[in-house]
Amino acid sequence: MKILAIETSCDETGIALVEGTKTENGFIFKLLGAAALNSQAALHALYGGVYPNLAKREHQKNLPVILKQALDQANNPEVDAVAVTLGPGLEPALWTGIEFAKKLAEERNVPLLPTNHMEGHLISSLVQENKLEGVTLPVLALLISGGHTEFVLMRDWFKYEVIGETQDDAVGEAFDKVARMLSLPYPGGPHISKLADEARRANLVFEKKLPRPMLHDATLNMSFSGLKTAVLYTLRDLGGIQALSPDQISAFAREFEDAVGDIFIWKTRRALEQTEASSFVIGGGVAANSYLRNRLEKFIQDEFPHIALYLPDTAITGDNGVMIAEAALARALSGIDDTPKEEVRAYSNRFSISPPK
Ligand code: KG4
Ligand code: ZN
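Visitor: Whenever I open this one, the sheet that holds strand 10 (residues 279-283) confuses me. Can you help?
Guide: Pairing in this open sheet of five strands is mixed, and the strands run 9-8-7-10-11 from one edge to the other. Lying at the two open borders of the sheet, with one neighbouring strand each, are strand 9 (161-165) and strand 11 (308-310). Going across the sheet, the axis of each strand differs from the next one's by a mean of 20°, ignoring polarity. Where strand 8 (residues 149-154) and strand 9 come together, four bridges link them in antiparallel fashion. Each bridged residue has a counterpart across the sheet, and for Val 152 the counterpart in strand 9 is Val 162. Lying on the sheet, helix 4 (residues 117-126) is in contact with strand 7 (139-144), strand 8, strand 10 and strand 11; it crosses strand 10 at an angle near 125°. Helix 9 (residues 290-303) rests against strand 7, strand 10 and strand 11 of the sheet, and its axis sits at about 175° to strand 10.

Visitor: How do you make sense of the site of ligand 1 when you look at a structure like this?
Guide: Close contacts around ligand 1 come from 18 residues, with Gly 146, Asp 176, Gly 285, Asn 289 and Asp 319 the closest. Backbone polar atom of Gly 146 to an oxygen atom of ligand 1: 2.8 Å apart, as the coordinates give it. Here Asp 319 contributes a side-chain N or O atom positioned 3.0 Å from an oxygen atom of ligand 1. Protein burial of ligand 1: of its 550 Å² of free accessible surface, 86% is covered by the chains. One can see that ligand 1 is located within the largest pocket. Mapped by element, the contributors of at least two residues to the shell around ligand 1 are helix 4, helix 5 (171-181) and helix 6 (189-201). Per element, the largest residue contribution to the shell around ligand 1 is three residues, and it comes from helix 5.

Visitor: Explain the packing of helix 5 against helix 7 (residues 225-237) here, please?
Guide: When two helices pack together, you describe them by how their axes are tilted relative to each other and by the distance separating the axes. Running from N to C, helix 5 and helix 7 cross one another at 10°; their axes reach a closest spacing of 10 Å. Considered as vectors, helix 5 and helix 7 are oriented roughly parallel to each other. Taken together, the residues of helix 7 that come into contact with helix 5 (itself represented by Lys 177, Val 178 and Met 181) are Lys 228, Val 231, Leu 232 and Leu 235. Residue composition of the contact of helix 5 with helix 7, grouped by class: five nonpolar, no polar and two charged.

About the criteria used
Residues numbered from 1 in each chain as written. Chains lettered and ligands numbered in written order. Predicted model: local features only at pLDDT ≥ 70, side-chain atom pairs only at ≥ 80, totals over all residues. Heavy atoms only, no water. Pairing = 2+ DSSP bridges. Helix = DSSP H or I, 4+ residues; strand = E, 2+ residues; numbered from the N terminus. Axes fitted to C-alpha atoms, helices over the stretch in contact; angles between N-to-C directions. Contact = heavy atoms within 4.5 Å. Near = heavy atom within 4 Å. Polar contact = N/O pair within 3.5 Å; in protein donor to acceptor, adjacent residues only side chain to side chain. Areas by Shrake-Rupley, 256 points an atom, 1.4 Å probe, with all protein chains shown as cover. 1 Å grid on protein atoms, 1.4 Å probe; cavity = no way out; pocket = protein on both sides within 12 Å on 5 of 7 lines; lining within 4 Å. Sits in = over half its atoms within 2 Å of the grid points. Parallel < 35°, antiparallel > 145°, perpendicular 65-115°, else oblique. Nonpolar A, V, L, I, M, F, W, Y, C, P; charged D, E, K, R; others polar.

Structure representation (structure tokens):
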């Protein structure tokens, strides 16, 4: 089965053509063509964040261009369905993709498959070397992106339960805001990560310790806004960013990343104990972070060696069309009929892996 997938939930315009085949214990995917345009990153960087209407305009401009690129790459195959991200995301941005996808599905006379963005992150992160095979349930997922930070439990395939989540900012948002305070460009995650790695290599330790909010709280919920505010106050107490040396800034980035790592380790330990999951996966833009990946990997090896760990290929951690294609294919090949019975509509970031009722 061949799917053309469209992703426009935030600032990345992504299109992918993927072929999926059912195997004895899962699926194999073959990437036929993919194109993405993140012309927006530089644009949004000017404003230090993503502006929905700006994102919408850019998607409208990008979509026809990258559709042609992806189709050319794949030698313009016949497709069996068009998948599109419905949400969660920025509504104006999502609508652009939905309208575009609807038109394509009509023109090609194939079904439109509305797909959840977080499910895309989760399912695509379980794919290893183009295979989604032999995954044992229950799966615990830690989804970490610019809009969401949540523990999702999948006891049955494609049935999700959010068992813990941030009470305020998403972790990616905290990375981006802290980066801004440290005068680093948007999106800040990769910049913080680079400085923090440098600090670790040079053994630079920051003079103050940041808090680890909700670490000892009994739930699986998290909080990142307090951590972000602590960065702000610490900076102010030290006389502002201009009073810090480059080494101090790197050490500060390291301390921030260490705090995030501690929170994830503590909460994941609790989540794994509570759920008795057989598999653990991380997904979303922040899952590209090498320090967090290494820490979680070591933690699983040391404390839960019987659990299968899935770390996504960093090429698919950020928003892209492939993740939407893979989620839609996995569902369709499992016999789930996602053809909309009602008018499709976008849903915003207030929602998660479960669509609005
Ligand atoms: O999943 P994603 O591409 O978009 C959303 O669905 O939100 O995630 C984007 C987020 C941004 O906040 C970005 O700063 C963060 O992922 N990010 C990282 C890294 N790479 C991207 N955060 C920390 N370390 C990284 N290496
Ligand atoms: Zn995302």
